[in-house]
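The primary structure of each chain is shown beneath.
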Protein chains: 2
Amino acid sequence: MTDRYCIIMCGGVGSRFWPSSRQAKPKQFIDFMGTGRSLLQMTFDRVLEVAPADNIIIVTNSDYAGIIHRQLPEVKPENILLEPARRNTAPCLAWAVHHIAAINPEASILVTPADHLIMREREFHKALRRGFDFVEANDALLTLGIEPSRPETGYGYIQVGKPVNEHICKVKTFTEKPDLELAKVFLASGDFKWNSGVFMWTAQSFLKALAENSPELARRFEAGEGKFGTELEADFIAREFPACPAISIDYALMEKASNVFVEAVDPGWSDLGTWSALRDNSPKNSLGNVTQGCQVVSYDTSGTVFSVDNPRKVVVVDGLKDYVVADTGDVLLICPLAHEQQIKQYVNDVKSKFNDSYL
Amino acid sequence: MTDRYCIIMCGGVGSRFWPSSRQAKPKQFIDFMGTGRSLLQMTFDRVLEVAPADNIIIVTNSDYAGIIHRQLPEVKPENILLEPARRNTAPCLAWAVHHIAAINPEASILVTPADHLIMREREFHKALRRGFDFVEANDALLTLGIEPSRPETGYGYIQVGKPVNEHICKVKTFTEKPDLELAKVFLASGDFKWNSGVFMWTAQSFLKALAENSPELARRFEAGEGKFGTELEADFIAREFPACPAISIDYALMEKASNVFVEAVDPGWSDLGTWSALRDNSPKNSLGNVTQGCQVVSYDTSGTVFSVDNPRKVVVVDGLKDYVVADTGDVLLICPLAHEQQIKQYVNDVKSKFNDSYL
């Protein structure tokens, strides 16, 4: 029996991929890469390499219990933690770590989002094994830092400090998303990594650090000691979880704690946060078009993503450059990729003009 | 009992409106204007003003018997002539006129396509009444000539000759579709009208002129004398019609006969031959967008036609100028209106890559 666990955070709504990603079926549940497995399923497959299935905990919104059961029937119901409200990542992880600690106080834990892409799994697995070894030997909070390949303005960055071994350094600072000029400086310096949102720690190190750095949040969950892992847990969470503030683990813990480390790695990672990122990480034809779930006949069209929920549908397109065409049967979106930041506004406009069924 | 009849030619395939117009449901059967009536139904309603329902004959391909019965249940089955093969307009009209002449040798006949648009019906009806009066008083083949409003290169033109009264002139020449330079000359001269494909004649004048100008075609149908209007007609047509050459009535008769006249009229006519023509003749929003059958939320989009077979569907579009977006459930077309002449090529490409079900 291993002490290694994994928490898959699976509660996101993925509104930037509307209409393909919907409230009822967000991004992590979609087979975006056309592999036959959703991003969640691929994440589950990936972490099975470092933690046994019984040690993998999925934290999600209660709306998604059914779809998770259908996509991952091998996961036991007691390993799916259903949040009664959306409260960002800090309450989510406080609960999940308490839950694991109640089952196994010696647990070391990998935390990963459900909806990221890893192209070089072998690199990733090696990094995870080194990371587990490190957090099991040290009172440390470890984050994976991705070697940046471009001056990306859509990610947070981590500035590395003093090395502790060949792969792991102390963290000097976490930074917010930079503007392009600053991102170029970060890239040129070699000292900055992308903040991947993948973390590793032992249950005990996490709970100690949370008590020191976010004592109010920590006390709220410490009040449940003795209930986690028992039939009393659900009632406790139903009462206490919605009362938590919605704050991120970066803000509640990582940016404040003194024992934060980063392991730099280059596993072909993308957070697939936008249609552009999806395009850049997908197989393309010679004109840079990406086709998902449909048949496309194109003329004078390049750099365009086609995401259509109907394998029989034929899309005939002429004269689009760097667009997204997403068709879900009840919604058709045609939008320049350069405007994809406005998709949230489109969704709001559709909601105000029509009804919630399109969200 | 009136001697005035109408032939509605309803056999076209409307491939320029693919994918909204399909082999199984061509343009004339579609409610393109969003009025709740298809172009065929609007044509039927329009000619009821000058001919009683029992005198309206619909000639179509046998594939469309069912859809015509559903769209026009008030038309008796014996008034629907089902062509066993597609042979262009000359054999179609030779048959239909023989059929009417067998029922009423004194018949005068209006011939109209099923898929044109008339915006000013009162003008049109006045012209038809004048036309009936003229062909009933003279041994004449009359065509309606539309006052041109622009140097259109998509239509044939009629050069008017000597006037016979205030509205009607002898025809000097029929011309093929001109290039833009020539179309400008035609427009400036004032002597040229658009060839509408709307004709009027008596049954006797037509049959006499056909015998003189296309004797081979005329003899083929004269062999059926005594059978038209009887139970022997169907067998005769099944055998003889497919053996006819596929030629137009312009070529077989109008360009050759010496007794051809034109009545100039300006009834807000369009042949709705292209998506652009449809856009130009449809109600538009302030940015020139036309929405048919769906709900559109648009940003930075103008001059674009949306034709979607799903009233619940929401189309969100950003950054299209002068496009057509046509969605039929199994086909999505996105194409600049400037390339609409290539739609036939797209259809061929889809046929060769996939199968006939998309045609």
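Since the structure is predicted, the reported quantities are computational estimates derived from the model, not experimental observations. (Residues numbered from 1 in each chain as written. Chains lettered and ligands numbered in written order. Predicted model: local features only at pLDDT ≥ 70, side-chain atom pairs only at ≥ 80, totals over all residues. Heavy atoms only, no water.)

Asks: What should I look at first to understand the confidence of the model for chain A in this one?
Replies: Low pLDDT means the predicted coordinates in that region are not meant to be read closely. With 100% of its residues at a pLDDT of 70 or more, chain A has an overall mean of 94. Here the complex is predicted with pTM 0.83, and the ipTM for its interfaces comes to 0.81. (pLDDT = per-residue confidence, 0-100.)

Asks: Sorry if this is basic, but what is going on with the sheet that holds strand β12 (residues 290-292) of chain A here?
Replies: Strand pairing in a sheet relies on backbone hydrogen bonds, with the paired strands running either antiparallel or parallel. Strand order in this open sheet of 6 strands is β12(A)-β14(A)-β16(A)-β17(A)-β15(B)-β13(B), and the pairing throughout is mixed. The sheet is open, and its two edges are formed by β12 of chain A together with β13 (295-299) of chain B, each paired on a single side. For this sheet, the mean angle separating the axes of adjacent strands, direction not counted, is 5 degrees. Sheet analysis places β12(A) next to strand β14 (residues 305-308) of chain A, joined by 3 bridges and oriented parallel. (Pairing = 2+ DSSP bridges. Helix = DSSP H or I, 4+ residues; strand = E, 2+ residues; numbered from the N terminus. Axes fitted to C-alpha atoms, helices over the stretch in contact; angles between N-to-C directions.)

Asks: Where do I start with the side chain of N259(B) in this structure?
Replies: Residues and elements named next belong to chain B. Inspection of the secondary structure assignment puts N259 in the loop between α9 (249-254) and β10 (260-265). Among the polar contacts made by the side chain of N259, one reaches the main-chain carbonyl oxygen of D139 at a distance of 3.0 Å. N259 has contacts with D139, A140, L141 and K170, leaving out every residue within four places of it along the chain. (Polar contact = N/O pair within 3.5 Å; in protein donor to acceptor, adjacent residues only side chain to side chain. Contact = heavy atoms within 4.5 Å.)

Asks: Hey, could you run me through the relation of the copies chain B and chain A in this one?
Replies: For the pair chain B and chain A, the superposition axis carries a translation of 0.0 Å, the fit reaches an RMSD of 0.1 Å, and the rotation angle comes to 180 degrees. Each copy turns onto its partner about a two-fold axis. Proximity to the rotation axis, assessed at the C-alpha, singles out G329(B) in chain B; its C-alpha lies 3.7 Å from the axis. A shared interface surface links the copies, since 100% of the contact residues of chain B are contact residues in chain A too. (Least-squares fit on C-alpha atoms with pLDDT ≥ 70 in both.)

Asks: Sorry, what's going on with the packing of helix α3 (residues 89-103) of chain A against helix α7 (residues 215-222) of chain A here?
Replies: For any two helices packed against each other, one specifies the crossing angle of their axes together with the interaxial distance. All names here are of chain A. Axis separation between α3 and α7 bottoms out at 10 Å; the angle between their running directions is 40 degrees. Put simply, α3 runs oblique to α7. Crossing angle aside, the handedness with which α3 passes α7 is right-handed. On α7, the residues that touch A90, P91, A94, W95 and H98 of α3 are L217, F221 and E222. Residue composition of the contact of α3 with α7, grouped by class: 6 nonpolar, 1 polar and 1 charged. (Parallel < 35°, antiparallel > 145°, perpendicular 65-115°, else oblique. Left-handed = near helix turned anticlockwise from the far one by under 90°. Nonpolar A, V, L, I, M, F, W, Y, C, P; charged D, E, K, R; others polar.)

Asks: Can you help me understand the sheet that holds strand β13 (residues 295-299) of chain A in this one?
Replies: With respect to topology, 6 strands assemble into an open sheet ordered β13(A)-β15(A)-β17(B)-β16(B)-β14(B)-β12(B), the strand pairing being mixed. Looking at strand neighbours, the two that pair on one side only are β13 of chain A together with β12 (290-292) of chain B, the edges of this open sheet. Averaged over all neighbouring strand pairs, the angle between strand axes comes to 5 degrees, with direction disregarded. The sheet contact formed by strand β16 (residues 323-327) of chain B and strand β17 (residues 331-336) of chain B spans 5 bridges and is antiparallel. Opposite D327(B), over in β17(B), you have L332(B) as the bridge partner.

Asks: I tried to follow the packing of aromatic side chains on my own but got confused; where do I start?
Replies: Here the distance between the centres and the angle between the planes together describe a pair of aromatic rings. All names here are of chain A. Here the structure, examined in full by the defined rule, presents 30 aromatic pairs over all chains. Seen in terms of ring centroids, Y155 and W194 are 4.9 Å apart; in terms of plane orientation they differ by 70 degrees. Their pairing is edge-to-face. With Y155 in the loop between β6 (141-146) and β7 (157-163) and W194 in strand β9 (residues 192-202), the pair connects residues that are 39 residues apart, well separated along the chain. By relative accessible area, which is 2% here, W194 ends up buried. (Phe/Tyr/Trp six-rings, centres within 6.5 Å; stacked < 30°, edge-to-face > 60°. Buried < 20%, exposed > 50% of the residue type's maximum accessible area, 1.4 Å probe, protein only.)

Asks: Looking at this structure, how should I read the interface of chain B and chain A?
Replies: Interface size is commonly expressed as the accessible surface area that is lost when the partners come together. Counting from both sides, the interface comprises 35 residues of chain B and, opposite them, 35 residues of chain A. Broken down residue by residue, the surface that chain B buries against chain A is led by V316(B), D318(B) and L332(B), which jointly contribute 22%. For D327(B), the salt bridge identified is with K313(A), shortest N-O distance 2.8 Å. At the boundary of chain B and chain A, one finds 28 residue pairs in polar contact (both at pLDDT 80 or more). For the side of chain B that touches chain A, the secondary structure elements donating two or more residues are β13, β15 (314-318), β16, β17 and α11 (343-353) of chain B. Considering every element that reaches the side of chain B that touches chain A, the biggest residue donor is β17(B), with 6 residues. Its residues assigned to classes, the side of chain B that touches chain A comprises 20 nonpolar, 8 polar and 7 charged. Here strand β17 (residues 331-336) of chain A runs beside β15(B); their pairing, made up of 4 bridges, is parallel. Bridging from a neighbouring strand, L332(A) pairs with V315(B) of β15(B). (Buried area = accessible area lost by both parts, 1.4 Å probe. Salt bridge = Lys/Arg side-chain N within 4 Å of Asp/Glu carboxyl O.)

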